[in-house]
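Below, each chain spelled out in residue letters.
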Amino acid sequence: MATNKVNKVNAPVLSDYSITNYIAAQNKVLSYLEMLKSDFKAKYDNDIVSFFQYRIKDNESLINKLQKDNLPITEEAAMKNLNDIVGLRIVCPNLLYVQIIIELLKKSTTFKIINEKDYISHPKDSGYRSYHLIVEVPVDLVDGLKVIRVEIQIRTLLMHAWSNFEHDKCYKKDIVDQELHDSLKQRSDLLFDMDLDMMSQLVNERKNIDGEMTSVNEYIHKLIRGKSQ
Ligand code: 0O2
């Protein structure tokens, strides 16, 4: 039987040692994110993050991705070409906090951003919305400094719920149910309207407190600089 799917008993693409290095990079980013979350909470008494998710890409997904990109199934090809062997997701309660987190990540000295995809302002054809960053994380290892790429996805709770459902029902499916696809796309826009409404509400609440506040960006910058110190 001809199949493109990978046999689950395939030899591991990554050595145990490489996986340990990827876990080290994952932990470094995660501990930075945890620190940001608790610092924000301490300063503003608000949860900027609802939850984090993270994973090291499993062997089957690694092989599928290498095959999809017409690359050899080798550790070298995976390490050189795949940016999402380590993937972390930041799910925020609302769009305002998504924007604040992105601003904070852009200022981070823990890693260097090398690629940015704004699927929030420019959603995918499916209706998928999230903000994606590829970052380079320096990790101090016994043999010296190694720079490891990590993918970070940032989204709201509503985007996350939509994405999980769409991932399950449509994403990577060989046969597309056009009606479901169209309806999901429409609902992604409706959910985004709700995210925008909630953000305006939050900003207006602040406006009443702050008086002269003129734009969301200004609010975010005030907030990040710690106006209420
Ligand atoms: P999985 O199963 O989630 O791990 P690249 O990674 O750059 O080679 P691409 O497609 O250019 O490939 O990257 P992109 O667009 O930044 O997407 C990377 C990840 O975003 C995907 O990982 C998904 O997690 C998510 N994603 C992208 N498009 C969609 C979509 O239409 N629907 C849903 N639900 N998620 C999406 P993987 O490895 O493709 O899949």
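Use the structure listed above.
This section reports on the structure supplied with the text. Counting from 1, residues in each chain are numbered in the order their sequence is written. In keeping with the model being predicted, local features are shown solely for residues with a pLDDT of at least 70 and side-chain atom pairs are shown and tallied solely at 80 or more, while totals for entire chains, interfaces and linings include all residues. The side-chain values count all of the structure's non-hydrogen atoms but skip hydrogen atoms and water molecules.

Digging into the environment of Val139
As a reminder of what qualifies: Every helix listed is a DSSP run of H or I at least four residues long, and every strand listed is a run of E at least two residues long, numbered separately from the N terminus.
Along the chain, Val139 falls in strand β4 (residues 131-141). In sequence terms Val139 and Asn21 are 118 residues apart; their C-alpha atoms lie 8.1 Å from each other.

Notes on the side chain of Gln153
We count it as follows: Whether two residues are in contact is decided by their heavy atoms: any pair within 4.5 Å suffices.
Checked against the element boundaries, Gln153 lands in strand β5 (residues 144-156). When neighbours within four sequence positions are excluded, Gln153 is seen to be in contact with Leu88, Arg89, Ile90, Tyr128, Tyr131 and His132.

Looking at the site of the ligand
Basically, it comes down to this: Being near a molecule or strand, for a residue, comes down to having at least one heavy atom within 4 Å of it. What qualifies as a polar contact is a pair of N or O atoms within 3.5 Å, subject to a donor-acceptor requirement within protein and to the restriction that residues adjacent in sequence count only when both atoms come from side chains. Methods summary: accessible areas were calculated by the Shrake-Rupley approach with a probe of 1.4 Å, and residue burial reflects only the protein chains presented. Grid spacing is 1 Å over the protein atoms alone, the probe is 1.4 Å, and a cavity is where that probe fits but cannot get out, while a pocket is an open set with protein on both sides within 12 Å along at least five of seven lines and lining residues have an atom within 4 Å of a point. Grid points define the cavity or pocket, and a molecule sits in it when more than half of its atoms lie within 2 Å of them. Three classes are used: nonpolar for Ala, Val, Leu, Ile, Met, Phe, Trp, Tyr, Cys and Pro, charged for Asp, Glu, Lys and Arg, and polar for all others, with Gly counted as polar.
Taken together, 16 residues surround the ligand, and among them Lys65, Tyr119, Ser126, Glu166 and Tyr171 come closest. Within the side chain of Lys117, a nitrogen or oxygen atom sits 3.1 Å from an oxygen atom of the ligand. Ser126 has a polar side-chain atom sitting 2.7 Å from an oxygen atom of the ligand. Taking 740 Å² as the accessible area of the ligand by itself, protein coverage stands at 79%. A molecule is said to occupy a pocket when more than half its atoms come within 2 Å of that pocket's grid points, and by this definition the ligand occupies the largest pocket. Sorting the residues of the shell around the ligand by element identifies β5 and α5 (157-169) as the ones contributing at least two each. Counting residues per element, the shell around the ligand draws most heavily on α5, at 3 residues. For the shell around the ligand, a count of residues per class yields 3 nonpolar, 5 polar and 8 charged.

Details of helix α4 (residues 95-106)
Applied cut-off: To estimate how far a helix should reach, multiply one less than its number of residues by 1.5 Å. The cut-offs for exposure are 20% and 50% of the maximum accessible area for each residue type, with area from a 1.4 Å probe on protein chains only; residues under the lower value are buried, those over the upper are exposed, and the others partly exposed.
With 12 residues, α4 extends 17 Å from end C-alpha to end C-alpha; this agrees with the ideal 16 Å at 1.5 Å per step. Of all the 12 residues making up α4, 9 are buried; the element is thus mostly covered by neighbouring parts of the structure. For α4, the complete set of buried residues consists of Leu95, Leu96, Tyr97, Val98, Ile100, Ile101, Ile102, Leu104 and Leu105. With a side-chain oxygen positioned 3.1 Å from the backbone nitrogen of Leu96, the residue opening α4 is Asn94.

Thoughts on the packing of aromatic side chains
For clarity, the cut-off: Centre distance within 6.5 Å is the pairing criterion for rings of Phe, Tyr and Trp, where only the six-membered ring of Trp is used; planes under 30 degrees apart are then read as stacked, over 60 as edge-to-face, and the remainder as tilted. For a Lys NZ or an Arg CZ to count as sitting over a ring, it must be within 6 Å of the ring centre and within 35 degrees of the ring normal.
Considering all chains together, one arrives at 4 aromatic pairs under this definition. On the numbers, 5.6 Å between centres and 90° between planes, the contact of Tyr32 with Phe111 is edge-to-face. In this pair, Tyr32 sits in helix α1 (residues 16-44) while Phe111 sits in the loop between α4 and β3 (112-118), placing the two residues 79 residues apart along the sequence. Of the two residues examined, Tyr32 and Phe111, each falls in the buried class. Seen in terms of ring centroids, Phe40 and Tyr44 are 4.8 Å apart; in terms of plane orientation they differ by 50°. Their pairing is tilted. Pair noted here: Phe40 and Tyr44 are both in helix α1, with a separation of 4 residues, about one helical turn. Considered together, Phe40 and Tyr44 belong to a single accessibility category, that of buried residues. Taken together, the ring pairs in this structure connect Phe40, Tyr44 and Tyr97 into an aromatic cluster. The positively charged end of Arg129 is found above the aromatic ring belonging to Phe192, 4.2 Å away from the centroid.

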